Every structure is written in C-alpha cells, then in structure tokens.
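Structural description and commentary
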Amino acid sequence: MKGKLGLKKFIFETLVIIIGISISFWLNNMQENTNIAKKEVETLKAIKLNIVEIEAYITSRRETLDDENDFMNYLSENWNTLNLDSVVNVLQKGRHIKSFHNLFLDYREFHPPVSEISSIINDGSIALISSHEIKLSLISLMDNNFDYVNQNVKSEIELQQVFREVLLKSNSSEISKILETTSFELKERFQGNVDYKNQILNELKAIVKLNPAKNYINLKIRQRYWVMNFMNSFSNKLNKIKELVDVELLIKT
C-alpha cells in the first residue's frame, strides 16, 4: 500500500515538474515571440522613416536636375543663336542650380540617405520582417534600382571628366581665363549676391567657340535622361515599399 502511494506521489510530482517546465517554456516562447514582433514593428517603422527621408532628398534633387535639364535643352536647341545677355542673366541669378561652373566644369552626384535600409539588410535585421514581399522589395531596391541610378550618375561624371581633359589640354588663352577662379569667388557666385555678369559673359563667349563644349552638353543631356529615368524608377519602388510597410504596420499595431 505504501509502495503504491509512493509511486502515485512520484508520478504526481513528476507531472507537476513537467507541467511547470512546459508552462515556463511556453511563457518564455510567448515572450520571445512578443519581443520578435516588437522588433519587427520597430524595424518596419525605421524603414518607413528612412523612406520618407529618401523621398524628401529625391524631391529636392529632382527639382534641381529638372531646372538644369530645361536649361541644357535650351542651350542645345539654340547653341548657334544664343542671346548671350539673356543667358548671362539666368546664370547670374541661378546660384548653384544654374551656373556656368555646374554646367561645364562640375557634376551632379546622387547621395540619398539610404544608410538605415542598407544597415537593416547588411546586419541581418531584415530577417525580422515576416513579409516576404517587403524583404525581396528592399533587396531589389538596393541591388537594382539604386544601383542603376548610381551607374548612370557615374557615367555622367565620367563624361564630365573627359570634357575636363579637353579643357586642360586646350591651348586657348580664353579657355585658360575661364578656368581661373578662387574658393571665395565660387562662394559668391553660388550665393548669387555679387554681380559677375561681365565675367560670365566672357566665359560664355569662350565656351560657345569650343565645339567639344556643344558636344558635351548634348551628350550630357542624353546621359541625364537615363539618370532621371532610373531615379524615377527608384522613387516609384520606394513608394511601393512604403505602401507595403504601411499595410504591415496596420496589421501588427
């Protein structure tokens, strides 16, 4: 009799221990799932915030490029019959958006603030996202859309660098004169507060005589078309991801 009672007690105590361990494991699992879900929501919110920042950058960049594109189109269409005084007025007031230096001597880069999305992909945080579509879209955004923009921006920069070589090797005293500048002068001209009309006029007179300059503007227009095309695709992909993230956040919060 005592043996049976002892066995029952042993079985009961064993069951209590097993149940206790199971409940503890279940609670720990529940807590872990809750933490994972919380981290996923935080990750999705970080992605959305980063997308908003990138979109703001693209909007600003697009405005600058569109203004410059329109001006380059005008120069290309009227190169041989330019009203230099009118062009001078545009460049005098154009600051850093429409300037002789940005058109012929410098280049436009593309640096949207993608560090947060890049970090989420590279450090493995993307695994926290349960939506397979969002994960694939983020990877495609960086490996394809963003990369295509950068490749074409790089091609435009390389084009400008080739044109610089033409200017560097020119024996024309007029070309040498338009390359002369100082940091102080550049600052004043980009701010647009100081009258540089005579200097801009002399720069234009020299550059329109240079046939490679006309070729450069036309090639730059062609390359800029692809920059804008892929930048718009990048922007559209961002908007699509933001919509997916909004739906996911609505479900999870």
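Data block above holds the structure.
Residues numbered from 1 in each chain as written. Predicted model: local features only at pLDDT ≥ 70, side-chain atom pairs only at ≥ 80, totals over all residues. Heavy atoms only, no water.

Helix and strand counts for the chain stand at nine helices and zero strands. Its helices and strands taken in sequence order, the chain reads α-α-α-α-α-α-α-α-α from the N to the C terminus. The buried share of the chain, reckoned over its 253 residues, is 36%. Long-range contacts, defined here as pairs at least 24 residues apart, represent 86% of the contacts in the chain between residues at least 6 apart. Here the chain displays about 15100 Å² of accessible surface, and carbon together with sulfur accounts for 55% of that area. (Helix = DSSP H or I, 4+ residues; strand = E, 2+ residues; numbered from the N terminus. Buried < 20%, exposed > 50% of the residue type's maximum accessible area, 1.4 Å probe, protein only. Contact = heavy atoms within 4.5 Å. Areas by Shrake-Rupley, 256 points an atom, 1.4 Å probe, with all protein chains shown as cover.)

Before going further, it helps to spend a moment on the pattern of salt bridges. Applying the stated criterion across every chain yields a total of ten salt bridges. Of the charged contacts, one joins lysine 242 and glutamate 55 as a salt bridge, the two residues approaching to 2.9 Å between their closest N and O atoms. Linking lysine 242 in helix α9 (residues 211-252) with glutamate 55 in helix α1 (residues 2-78), this pair joins segments that are 187 residues apart in sequence. Per residue, the accessibility class of lysine 242 equals that of glutamate 55, and both read buried. (Salt bridge = Lys/Arg side-chain N within 4 Å of Asp/Glu carboxyl O.)

Counted at 1.5 Å a residue, the expected span for helix α5 (residues 132-169) with its 38 residues is 56 Å, and the 55 Å between its end C-alpha atoms agrees. Along α5, the largest kink reaches about 40° and is centred on leucine 141. (Expected span 1.5 Å × (residues − 1). Bend = angle between axes of the 7 residues up to and from the residue.)

What follows covers the packing of aromatic side chains. Under the counting rule described, the total for this entry stands at eleven aromatic pairs. For the ring pair phenylalanine 71 and tyrosine 74, a centre distance of 6.4 Å and an interplane angle of 15° mean the geometry is stacked. Taken together, the residues phenylalanine 71 and tyrosine 74, both in helix α1 and three residues apart, mark about one turn of the helix. (Phe/Tyr/Trp six-rings, centres within 6.5 Å; stacked < 30°, edge-to-face > 60°.)

Our focus in this paragraph is the side chain of glutamine 223. Along the chain, glutamine 223 falls in helix α9. A relative accessible area of 18% places glutamine 223 in the buried class. Look past the residues within four positions of glutamine 223 in its chain and what remains in contact with it is Asn152, Ser155 and Glu156.

Turning our attention to the nonpolar core. Membership of the largest hydrophobic core comes to 31 residues, with the highest contact counts inside it found for Phe110, Leu138 and Phe234. Looking at this core, the elements with two or more residues in it are α1, α4 (115-122), α5 and α9. Top contributing element to this core by residue count: α9, with nine residues. With residues near it in sequence (within four places) discarded, phenylalanine 234 still touches Ile54, Ile58, Phe110, Pro112, Val114, Leu141, Asn145, Phe146 and Val149. Counting 27 residues, the second largest nonpolar core, distinct from the first, contains Leu159, Phe163, Ile175 and Ala206. (Core = buried A, V, L, I, M, F, W, Y, C linked by side-chain atoms within 4.5 Å.)

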